[in-house]
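# Chains, contacts and geometry: an overview
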Amino acid sequence: MALTLDMGYPGSFPAFHDSEQGSSAALTELDKGLRSQRPGEQSEAIVKFPRLFEKYPFPVLINTALLKLAEVFRQGSNFLKLCVLRVCQQSERHLDKVTSVDELVRRIITVMNSNDPVARALTLRTLGALAGILFDRKQVHHKVRSSLDSQDSVEVEAAIFAAERFSARSRTFSVDMCPKLLEMIQGYATPLPVKLKIIPVLEHMHHDANTATLVRAACLELLPSYPGHQFMLVILQTLTSLSQHTFIHIPDQVSLLLECLSRDPRRGVQDGVLSDLNLLAGEDTAHLWSRENVEALIEFVNKLNKDDLKVSAINILRKLIEAGGVYLLELGPGSSISNLCQTFCYSPDLAVASASTHLLTQLAVSCCKEGISNPDLDIVTEAIQHRSGYCYRSYTGKQGISSTDLDIVTEAIYSLTGDIQHRSGYFYKSYTGKQGISSTDLDIVTEAIQGIESLCLLVSSGAGEVQHYITFLKTALKCVILLCSTKPEYTGEFVDILGGMLDSKYKDSIGMLSVCQTLAALAGMKQSVLSPLVPDICSIIQSIILEREAEMDYSRDENPAERNKILVLLLTILLQTVRGHTWSQDIEQTFRSGAQLLDNWSKYRVGRAASRYGEHQQSRFLFSELKEKVWTENFNYWLQSLEFFSRGEEILARKENTPLQEKLVSAATMFQRGLTCLRAGSSVQQPMRFQQDFIKCRIHYLQVLTQLTAAATSLQTSPPPAIAAALAAQSRDDLQRCGRVTGQLRKVVKDLQTCAQAWTTLAESSFDADPASLSQLLVLQKMVSNLAMWIEIVCLKSSLQGSIYTDTMFKVVRRGLIVLFYWVGGAPLYLQAWSIFIYFFQNIGSEFKSLSERPDTRPISHHHTSCIFSAIRAINSYPLPYPRFFYQSLQETRLKISVTPQSRAAGEPVQVNTSQLLAIKVEGVIERSGIENKQSRKVSQVVVHLQSILQSGKSEKSVEKSESGSSAEQSADIQNDFFAVQFLTPFPQPGLYNLALEAKLIDSDGNRWRTGVKQSLIVKSFEDRTNASRSVPRS
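Residues numbered from 1 in each chain as written. Predicted model: local features only at pLDDT ≥ 70, side-chain atom pairs only at ≥ 80, totals over all residues. Heavy atoms only, no water.

## Quick notes on the environment of Val118
Take Val118: it is sitting in helix α7 (residues 117–129). Val118 sits in the partly exposed class, given a relative accessible area of 38%. In this structure the C-alpha to C-alpha distance between Val118 and Val154, which are 36 residues apart in sequence, comes to 7.0 Å. (Helix = DSSP H or I, 4+ residues; strand = E, 2+ residues; numbered from the N terminus. Buried < 20%, exposed > 50% of the residue type's maximum accessible area, 1.4 Å probe, protein only.)

## Describing the nonpolar core
Counting residues in hydrophobic clusters, the biggest one holds 126 residues, and the most contacted among them are Ile46, Phe49, Leu104, Leu277, Trp289 and Leu363. For this core, the element with the most residues is helix α4 (residues 59–75), which contributes 9 residues. If near-sequence neighbours (up to four positions away) are discounted, Ile46 is found in contact with Leu34, Leu69, Val72, Leu80, Cys83, Val84 and Val87. Judged by nonpolar contacts, the second largest core, of 107 residues, contains Phe690, Ala769, Val794 and Val939. (Core = buried A, V, L, I, M, F, W, Y, C linked by side-chain atoms within 4.5 Å. Contact = heavy atoms within 4.5 Å.)

## A few points about the pattern of salt bridges
A complete count under the given rule lists 38 salt bridges for this structure. The partner of Arg35 in a salt bridge is Asp31, with the nearest N and O atoms 3.1 Å apart. For Arg35, a relative accessible area of 59% gives the class exposed. Residue classification places Asp31 among the buried residues on the basis of a relative accessible area of 16%. Linking Asp271 and Arg267 is a salt bridge whose minimum nitrogen-to-oxygen distance equals 3.2 Å. Of this pair, Asp271 and Arg267 both sit in helix α16 (residues 267–280), 4 residues apart, roughly one helical turn. (Salt bridge = Lys/Arg side-chain N within 4 Å of Asp/Glu carboxyl O.)

## Re the sheet that holds strand β6 (residues 917–930)
Each strand in a sheet pairs with its neighbour through backbone hydrogen bonds, running either in the same direction (parallel) or in the opposite one (antiparallel). Taking strand neighbours across the sheet as the criterion, the 3 strands line up as β4-β6-β9 in an open arrangement whose pairing is antiparallel. The open sheet has two edge strands, β4 (891–900) and β9 (978–986), and neither has a second partner. Neighbour-to-neighbour, the strand axes of the sheet open up by a mean angle of 20°, direction not taken into account. Two strands pair when backbone bridges link them, and β4 and β6 are joined in this way by 10 bridges, in the antiparallel orientation. Bridge assignment links Lys896 to a residue of β6, and that residue is Val925. (Pairing = 2+ DSSP bridges. Axes fitted to C-alpha atoms, helices over the stretch in contact; angles between N-to-C directions.)

## Observations concerning unusual backbone geometry
With an omega dihedral of 10°, the bond running from Thr900 to Pro901 counts as a cis peptide bond. Within the element layout of this structure, Pro901 appears in the loop between β4 and β5 (910–913). The phi angle at Asn976 is positive, at roughly 55°, despite the residue not being glycine.

## Overview of the packing of aromatic side chains
Taken as a whole and assessed by the stated rule, the structure comprises 20 aromatic pairs. Summarising the aromatic geometry, the rings of Tyr604 and Phe623 are spaced 6.2 Å apart at their centres and angled 50° between planes, so their arrangement reads as tilted. Of the two residues, Tyr604 is situated in helix α33 (residues 600–612) and Phe623 in helix α34 (residues 616–626); the sequence distance between them amounts to 19 residues. Across this residue pair, the class does not change: Tyr604 and Phe623 are buried. Through pairs of rings, three or more aromatic residues link up here, namely Trp638, Phe645, Phe671, Phe690, Phe694, Trp759, Tyr882, Phe885, Phe886 and Tyr887. (Phe/Tyr/Trp six-rings, centres within 6.5 Å; stacked < 30°, edge-to-face > 60°.)

## Some points on the packing of helix α37 (residues 689–717) against helix α40 (residues 771–795)
For the pair α37 and α40, interaxial distance at closest approach is 13 Å and the crossing angle is 20°. Between α37 and α40, the angle falls in the class roughly parallel. As for the relative orientation of α37 and α40, their crossing is left-handed in sense. On α40, the residues touching Phe690, Phe694, Tyr701, Leu705 and Leu708 of α37 are Leu777, Leu780, Val784, Leu787 and Ile791. For the contact of α37 with α40, the residue count by class is 10 nonpolar, no polar and no charged. (Parallel < 35°, antiparallel > 145°, perpendicular 65-115°, else oblique. Left-handed = near helix turned anticlockwise from the far one by under 90°. Nonpolar A, V, L, I, M, F, W, Y, C, P; charged D, E, K, R; others polar.)

## Points about the layout of surface pockets
Space inside the second largest pocket adds up to approximately 750 Å³. Taken together, 27 residues make up the lining of the second largest pocket; nearest its centre are Arg689, Ser765, Arg1010, Thr1011 and Gly1012. Class assignment for the residues of the lining of the second largest pocket results in 10 nonpolar, 8 polar and 9 charged. (1 Å grid on protein atoms, 1.4 Å probe; cavity = no way out; pocket = protein on both sides within 12 Å on 5 of 7 lines; lining within 4 Å. Points joined across faces, edges and corners; volume = space filled by probe spheres on them.)

## With respect to the side chain of Gln270
Summarising the element assignment, Gln270 is placed in helix α16. Gln270 gets classed as buried once you look at its relative accessible area, which sits at 8%. Looking at Gln270, its side chain comes within polar contact range of the main-chain oxygen of Asp264, at 3.3 Å. Leave out the neighbours within four places in its chain, and Gln270 touches Leu261, Asp264, Pro265, Lys306 and Leu309. (Polar contact = N/O pair within 3.5 Å; in protein donor to acceptor, adjacent residues only side chain to side chain.)

## Structural notes on α16
Working note: α-helix, 3.6 residues per turn, so residues spaced by three or four point in the same direction. With 14 residues, α16 ought to run about 20 Å at 1.5 Å a step, and its terminal C-alpha atoms sit 20 Å apart, in line with that. Those residues of α16 that fall on the buried side of the exposure criterion are Val269, Gln270, Gly272, Val273, Leu274, Asp276, Leu277 and Leu280. The inward-facing, buried residues of α16 contact α14 (229–246), α15 (250–263), α17 (291–303) and α18 (307–322). (Expected span 1.5 Å × (residues − 1).)

## Things to note about the environment of His94
Topologically, His94 is positioned in the loop between α5 (78–90) and α6 (101–109). Overall, the relative accessible area of 2% leaves His94 in the buried class. When the C-alpha atoms of His94 and Asn976 are compared, they prove to be 6.9 Å apart, with 882 residues separating the residues in sequence. Setting aside residues up to four positions removed in sequence, His94 forms contacts with Phe53, Glu54, Pro57 and Ile62. There is a polar contact of 3.2 Å between the side chain of His94 and the side chain of Glu54.

## Considering the side chain of Glu615
You can see Glu615 is positioned in the loop between α33 and α34. No salt bridge is formed by the buried Glu615, whose closest oppositely charged neighbour, Arg579, lies at an N-O distance of 7.4 Å. The contact partners of Glu615, leaving out residues within four places of it in the chain, are Leu575, Val578, Arg579, Gly580, Trp583 and Ala610. (Lys, Arg positive; Asp, Glu negative; His and termini not counted.)

## Let's talk about α6
Turning to α6, its buried residues are Val101, Leu104, Val105, Arg107, Ile108 and Ile109. Buried residues along α6 sit in contact with α4, α7, α8 (131–134) and α9 (138–147).

## What to know about the state of the cysteines
Taken as a whole, this structure holds 0 disulfides when the rule is applied. Cysteine Cys697 is unpaired, with the sulfur of Cys755 as its nearest cysteine sulfur at 6.3 Å. A relative accessible area of 7% means that Cys697 is categorised as buried. (Disulfide = S-S within 2.5 Å.)

## Section: the environment of Val72
One can find Val72 in helix α4. We classify Val72 as buried; its relative accessible area is 12%. Measuring from C-alpha to C-alpha, the distance between Val72 and Arg107 comes to 9.3 Å, with 35 residues separating the pair along the chain.

## Details of the confidence of the model for the protein chain
Across the protein chain, pLDDT averages 79, with 79% of residues at or above 70. Per-element averaging of pLDDT across the protein chain places strand β1 (residues 812–815) at the bottom with 34 and α7 at the top with 95. The low-confidence segment residues 799–830 (pLDDT under 50) makes 60 contacts with residues lying over four places distant or belonging to another chain. (pLDDT = per-residue confidence, 0-100.)

Next up, the structure:
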C-alpha cells in the first residue's frame, strides 16, 4: 500500500496554489457574461463574483465589479436582483473597499420607485446588506422608514430586515427609528407576527444611553401585556442582548431572568431563560453579576426537581467561575456553593453528578489561579473526591451491583492501594513543612486519593458499553487534566488510577482511547511521570500484537488509521516516558513489534513523534522502512532526508569512544546529505523553507563546534612559539602569548554569535509556528549566544573584564519541571519537555563559572580546553528534540502586496522629476488557512519598509550621503484581511534608483515577524531643463 503524506507544513494547504488568470482578465470575462442576453449566462456570471473578490480583494476591482452589479440590479429581472443580493451578502467583508458609494446608491435606490413590491423588497434587503457602507445615508434611512408603512407583507419584512441592519451600525438611525418602532409594537393595528419580528430590532438601540433605557422600560411594560410563550422569549432575548451592549443593566437583567425562571413553570420559557443566563455568564459580563444574583441561582438549583435543568444551571455556575467570577462566591465552610457541590456530586443521575464534579474542579482551579489561600486544599481535595464519586455511581447504577458485592470489591481495592500512602508520604511531609498544614488536612487528602483510586477502578470495569456513559467518563478525565495542569503535584496520584483503568478498559476501544489520551496529556505535563506504567503499557502492546496475529483475515474495508489509534497512542506514551533514558532490550523489542503492526500513515505519525521527543534511533528505523512505500518522488526525498537527519542525531548522541571531532564531522556529513534530499523534495506547492533553514542552522552550529574542538586541540598540537611573548608585547595583547589558539577561539566566538543570530532570524520568520516550536528556537538561540559569551569572557578573559554572571544568566523560572523563557519585548513562552536539555546546559554554565573563579588559572590553559571539551560532550549527550513546526503547521499566513506605480514595460524604469515627489501606494492582502481554534497568533498590523538607493548618477560630482537615498516606514491596520499604505519619496539627484519594499507582520502582542515578502522597483530621476532655464533670472 502506497503512503500519501499530509505533512501539514507551510505550503501544504492547497487553497493558495490554484493558478488562474489575472484579476483584469477575470473581470473582463465575467463582464461578458453580464452583458449576455441570456438570463442563465448572466446569473452564472453574477454568482462567480464572490470567488473573484476572495482571490483578488483589491479596491479597484471590487469597486468596478460592484458598480457593474448595481447596473444589472437596476435593469435586470427580480431573479437577477436576487442573485446580486446574494453576492452582496456573501461579500460583506469586502464592502469597505468600495470608493464610489454615491454612484452605487444612486443605481440601486432607483428601483425603490418601482410599482413591483417584490422588487422594492429586494432593494431594501440589498440596501440592508450594504449597510456597512451606507449607514449614514439619509436618503436610504427615509426609504427604509417609509417602507415600514407599506401594505405589502413582503416589503414590510424586508424593511424590518433593513431597519435591523442599519440600527446595528448607525446611531442616528437607531435614535430616529426608536419612537417609530415602539409605536408599531404598542399599536393595535400591527399584526402579532410583525410585532414578533420588530421586537428583536430593539436590541440594537444601544448607541445612546437614554434610548437604551427607554427601550428597556418599554419592553418591561410589554411583558405583562403579552404573556405568551413566543412573546416572552423574544422580549427576554432582546433585553439580554441589549444588556450585553450597555453593561449597566446586567444585574437587573439577571434578576429579571431569575425571577422569570422561578415564577414561570413552562419548560420552554425556562430553557430560554437559562440560555440567556448562559450568555450573560461570559468573560465580558461575568464580573457584573452581583453576589445576590449568584446566591439566587444556587438557590434555584437546590429547589429544582428536573435533572436536565439542574445540569444547565450548574453549567452556568461553572462558566461564571471560569470567567473570573470566583470572587462572587462565599467559599467558607458551610457556604452555599460547597453544600451544592457536596449534595449533587453524589446525585444518582450521572449527568448531574458529572456537571457538579466539573463545577467543583473548576472552582478549585480558579481558587488556585487567583491565589485564594483559605479554601485551596479543601476545595482541591473535595474536587478529587467528587470527581471519582460520580464515576463510582455510574458503574453501580449500570451494572446493578449490590451493596454486599460493593463492600467486597471496595475492601479488595483498598488493600491494593495501601502502598500508595507510603509512596506519597514524602510528598505529604514536604508539603506540610512548606505550607504549615495540619495533619487533619493531610488525612483528608489521603482519603481523597484512596477514594479516587477505588471509585475510578470501579467505573472502569464496564462503563463503555453504552455511549452516554463514555461522555461522563470523558468529563471525568477532562477534570483530571484541568486539575493536574493547575496542581502538578497530584499528577502522580492520578497516574496510578488511570494506569489501573488501562487493563479494565482493554476491550472497550472508546474508553481505552480516552484513557490513553489523558495519560499522554499527563506525560506532557511532567516528564517521567508514567515510568511506573511502562511494564503495563508493554504488556498491553504485547496483547494487541498477539490478537492481531490471531486475526488472520480482519475486514479490509476497515479504516486502518482508525483501527490503530490506540496502538499509536500507546507507542507515543512509551516514547514520552522513556525519552532521555537508555532503552532496555524488552522495551525496544516491544516498541518495534508494535510499530510493525501499524499502517504506513500511523508509522509515519509514530516516527514523527519519536523525532519530536528526541528518540532518533527509533525514528530512523521507521523512516527507513517508509521511504520506499510512497507514491511520489517528493515524498521519497522527504523521508530520505528525515532518515539522514535521524542518523546524524543518532551519531551525535551515541555513547562511544569515537573522537569528538570525528563524530561532529560524521554528523555534519549526514545533515548535508539530508539537506540535499530535502531540497530535492521541495516544490512550489511545498517549499519547506522552515525545514531547510532549520537544518542549515543545525549544520552551521555543528561546524562551529568542530572549529571549537580543533581550536581546543591546537593548544596541544601547536603550542605557542618562542617569540609569542614578544609578539604579545608588540601588539599590546596579552592573549597573543598563548599562540594561534587565541585567534581560533576569537573566530569561533564570532561564528557562534553569527549562528545565534541565524536562530533568531529563523524564529522571527516563523509567524505560523506553534508556541512550543518557537520556544525551542529561542532556547537554542539563547544557548548558542551564552556559549559564545562564556568562551569569550572565561577563556579569553582579561583583567578589564568582570563577572559574566551579572548579565548573562538564564532568566529561568521553575514551576515543577515547566521552564519559562522570557523573550525580550514579548510575553513569556512556555516550554515543556526540555528540562533535561536545559539541565545539561546549566551544568556547562556552572563549569565555566567555577573555572572563572579559580585565581590560579592563567589564560587559555589546559583547564580551559578541558572545560570546552566537556561542554561539547555535554551538549551532544542529549538528543535534540525536533520542533512540531518542522513536521506540522496548524496555520498558514501569506502576504500578497501590489505596488503602484508599475513600469509600462518589463525592465523599463518609472520616471520622475527631481523636483517632484513620487507617490508610491502599497496594497496587500492577508491570506490565512488552517484550524481556526488552534491558531497561535493573528496579524494585527503590517509594517512596510521602503528604501531607495542611488545606483548611478548622470554627473561625476560628489553626492552627499543624505541625497543618495532615503528610507521610510509605515504601519497599517488590517481591515478584513486588507491593508494599504502610501509613501511620498524624493529623488533629488538625477540617475537610476533601486527602490526596495519589504513587508513585516505585527501580531497582537506587538512582536515583529519577517515574511520574506519583498518587491523592488527601478526609478529614473531626471532634471526638467525647460523649467530650470525659465527660472534663471535675467542679468
